[in-house]
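Spelled out, the chains give:
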Amino acid sequence: SLKIVERYIEENNILGANANILYLVPSIPLLSQTILEWKSQLSYSEGCDRFGICSDNTAGKTRRNLNADEITVNMPIPSTTDVTRISEQLNRLKKDIHDRGRIHFFFSTYQSIDVIHELQEKCGFEFDRAICDEAHRTIGAYKDEDDKTAFTKIHDNSFIRAKKRLYRKKKEKI
């Protein structure tokens, strides 16, 4: 999916322009793994910003006095669910770039999709691409709007505005 996004950016001459890419995963460990892979394999890094949005706002922070049963996930970038904080970061970046565009990568869990929605409402942007990892989890029937789960909300373009969505399926274990 990284190579597809890179090709989209190159073919549409987006480097130096504004673009917003959303990448959704079902778990914090997979979120951390994805960010690490994208950071190490992205063909360019100048003009790119990464935002971690996940429901465990302690991810990415050093924790002390852990119980033996706790699982720790070290996020490669700071993560938050604070919409105000994220929007302030976006505004700061806009001011710092002197009218040069930037590519914003938003990495999030499906469970934090309401935060993504709030952020779009507050900042008024649309995603150029929304990538749904392990997309088989997003399939589900629901009776009405109240019955939608965090995983099925990605299909509703009035909830998460995106020009295009890319659905990835889980890799088979060998």
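None of the values given here were measured: they were computed from a predicted structure.

## Describing the nonpolar core
By size, the foremost hydrophobic cluster in this structure holds 24 residues, and its most contacted members are Leu-22, Phe-106, Leu-119, Phe-127, Ile-154 and Ile-160. Of all the elements in the fold, those that place two or more residues in this core are strand E1 (19-25), strand E2 (48-53), helix H3 (83-96), helix H4 (113-123) and strand E4 (127-132). What Leu-119 contacts, discounting residues up to four positions off in sequence, is Ile-53, Val-83, Ile-86, Ser-87, Leu-90, Phe-106, Gly-124 and Phe-125. With 21 residues, the next largest nonpolar core counts Ala-19, Tyr-23, Ile-28 and Phe-107 among its residues.

## A few points about the layout of surface pockets
The space that makes up the second largest pocket amounts to roughly 150 Å³. Asn-18, Asn-20, Lys-94, His-104 and Phe-125 are, among the 10 residues lining the second largest pocket, the residues nearest its centre. The greatest single-element share of the lining of the second largest pocket, amounting to 3 residues, is contributed by H3.

## Some words on the confidence of the model for the chain
Per-residue confidence for the chain averages 77 on the pLDDT scale, and 72% of its residues sit at or above 70. pLDDT under 50 marks residues 57-72. Its contacts with residues more than four places away, or in other chains, come to 15 contacts.

## Looking at the packing of aromatic side chains
Under the criterion given, the structure shown has 10 aromatic pairs. Ring centres 6.2 Å apart and planes at 40 degrees place the aromatic pair Tyr-23 and Phe-107 in the tilted group. Separated by 84 residues along the polypeptide, Tyr-23 in strand E1 and Phe-107 in strand E3 (residues 103-109) bring together distant segments of the chain. Overall, Tyr-23 belongs to the buried group, its relative accessible area being 3%. Between the aromatic rings of Trp-38 and Phe-105, the centroid separation amounts to 5.6 Å while the plane-to-plane angle is 75 degrees, which identifies the pairing as edge-to-face. Remark: Phe-105 occurs in strand E3 and Trp-38 occurs in helix H2 (residues 28-41); sequence separation between them is 67 residues. The exposure classification of Trp-38 matches that of Phe-105, with both residues buried.

## Overview of the pairing of E3
Counted residue by residue, E3 has 7 buried out of 7 residues, so it is predominantly covered. The two faces of E3 match: Ile-103, Phe-105, Phe-107 and Thr-109 on one face and His-104, Phe-106 and Ser-108 on the other face are all buried. As judged from the 7 bridges shared by E1 and E3, these two strands associate in the parallel manner. Residue pairing in the sheet places Asn-20 in a bridge with His-104 of E3. Inspection of the sheet shows E2 paired to E3 by 6 bridges, in the parallel sense. Residue pairing for E3: Arg-50 is matched across the bridge by Phe-105.

## What about helix H1 (residues 2-11)?
Among the residues of H1, Leu-2, Val-5, Glu-6, Tyr-8 and Ile-9 are the ones counted as buried. One side of H1 holds all its buried residues, which, seen down the axis, span an arc of 160 degrees. Lining the buried residues of H1 we find E1, H2, E3 and E4. Downstream of H1 by one or two residues, Asn-13 has phi in the positive range, about 50 degrees.

## What to know about the sheet that holds strand E5 (residues 162-167)
Reading across the sheet, the 5 strands line up as E2-E3-E1-E4-E5 and stay open at both edges, with parallel pairing between neighbours. A single partner strand is all that each edge strand has here, and the edge strands are E2 and E5. Taking the axes of each pair of neighbouring strands and ignoring which way they run, one obtains an average angle of 15 degrees across the sheet. Across the sheet, H2 touches E1, E2, E3 and E4, and the angle it forms with E3 is around 155 degrees.

Conventions and cut-offs
Residues numbered from 1 in each chain as written. Predicted model: local features only at pLDDT ≥ 70, side-chain atom pairs only at ≥ 80, totals over all residues. Heavy atoms only, no water. Core = buried A, V, L, I, M, F, W, Y, C linked by side-chain atoms within 4.5 Å. Buried < 20%, exposed > 50% of the residue type's maximum accessible area, 1.4 Å probe, protein only. Helix = DSSP H or I, 4+ residues; strand = E, 2+ residues; numbered from the N terminus. Contact = heavy atoms within 4.5 Å. 1 Å grid on protein atoms, 1.4 Å probe; cavity = no way out; pocket = protein on both sides within 12 Å on 5 of 7 lines; lining within 4 Å. Points joined across faces, edges and corners; volume = space filled by probe spheres on them. pLDDT = per-residue confidence, 0-100. Phe/Tyr/Trp six-rings, centres within 6.5 Å; stacked < 30°, edge-to-face > 60°. Pairing = 2+ DSSP bridges. Arc of directions from axis to C-beta. Axes fitted to C-alpha atoms, helices over the stretch in contact; angles between N-to-C directions.

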